[in-house]
Amino acid sequence: MEGNNEELNPNAMTAEQTAALFSKLRRRKVPVAEIEADIEDGAPTNGAGRLNLLTYTAWMLKEAGRGE
């Protein structure tokens, strides 16, 4: 996200923005492919394919409870 002047909208984040934010929060690299795989697996997105940060986090917690 450094060098990117695009303002973050937590209601409509790209996979790239989400991966960069999660990388900073987790203090480890979160690959964009990981976010994209979640989208392919059913993570909710808007009509433009962007993630709502709160909805995505809730989806991840629900999926974690499934015990893969």
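Look above for the structure.
Here goes a summary of the coordinates provided. (Residues numbered from 1 in each chain as written. Predicted model: local features only at pLDDT ≥ 70, side-chain atom pairs only at ≥ 80, totals over all residues. Heavy atoms only, no water.)

1. Description of the packing of helix α1 (residues 15–26) against helix α3 (residues 53–64)
The criterion, for reference: Comment: axis = line fitted to C-alpha atoms, over the contacting stretch for helices; angle = value between 0 and 180 degrees taken between N-to-C directions. Under the DSSP-based scheme used, a helix requires at least four consecutive residues in state H or I and a strand at least two consecutive residues in state E, with every element numbered from the N terminus. Just so you know how the angles are binned, under 35 degrees is roughly parallel, over 145 roughly antiparallel, 65 to 115 roughly perpendicular, and the rest oblique. Handedness of each helix crossing follows the sense of rotation of the near helix against the far helix: counterclockwise by less than a right angle gives left-handed, clockwise gives right-handed. Here, two residues are considered to be in contact whenever any of their heavy atoms come within 4.5 Å of each other.
Look at α1 against α3: their axes get within 13 Å of each other, and the N-to-C directions meet at 65°. In this view, α1 runs roughly perpendicular relative to α3, as classed from their interaxial angle. α1 and α3 meet at a crossing whose hand is right-handed. Residues Thr 18, Leu 21, Phe 22 and Arg 26 of α1 touch α3, and the partners they reach there are Leu 53, Tyr 56, Thr 57 and Met 60.

2. Topic: the pattern of salt bridges
Side chains bearing opposite charge may pair, as long as their charged atoms lie close to each other. Note the threshold: What makes a salt bridge here is a side-chain nitrogen of Lys or Arg within 4 Å of a carboxyl oxygen of Asp or Glu, nothing more. For every residue, the accessible area obtained with a 1.4 Å probe (protein chains only) is divided by the maximum for its type, and the residue is called buried under 20%, exposed over 50%, and partly exposed between those limits.
Under the defined criterion, the tally for this structure stands at 2 salt bridges. The shortest N-O distance in the salt bridge between Glu 34 and Arg 26 comes to 3.5 Å. With relative accessibility at 37%, the residue Arg 26 sits in the partly exposed group. A salt bridge links Arg 28 to Glu 34, with the nearest nitrogen and oxygen atoms 3.9 Å apart. What you see here is one network of salt bridges that share partners, running through Arg 26, Arg 28 and Glu 34.

3. Focus on the packing of α1 against helix α2 (residues 32–40)
Packed helices, taken two at a time, are described by the angle between their axes plus the distance between the axes. Where α1 meets α2, the closest approach of the two axes is 8 Å, and the angle between their N-to-C directions is 120°. With respect to α2, the element α1 is oriented oblique. Once α1 is placed against α2, the crossing between them reads as right-handed. Contacts between α1 and α2 pair Ala 15, Glu 16, Thr 18, Ala 19, Phe 22 and Arg 26 from the former with Val 32, Glu 34, Ile 35, Glu 36 and Ile 39 from the latter.

Just geometry here; none of it tells us what the structure is for.
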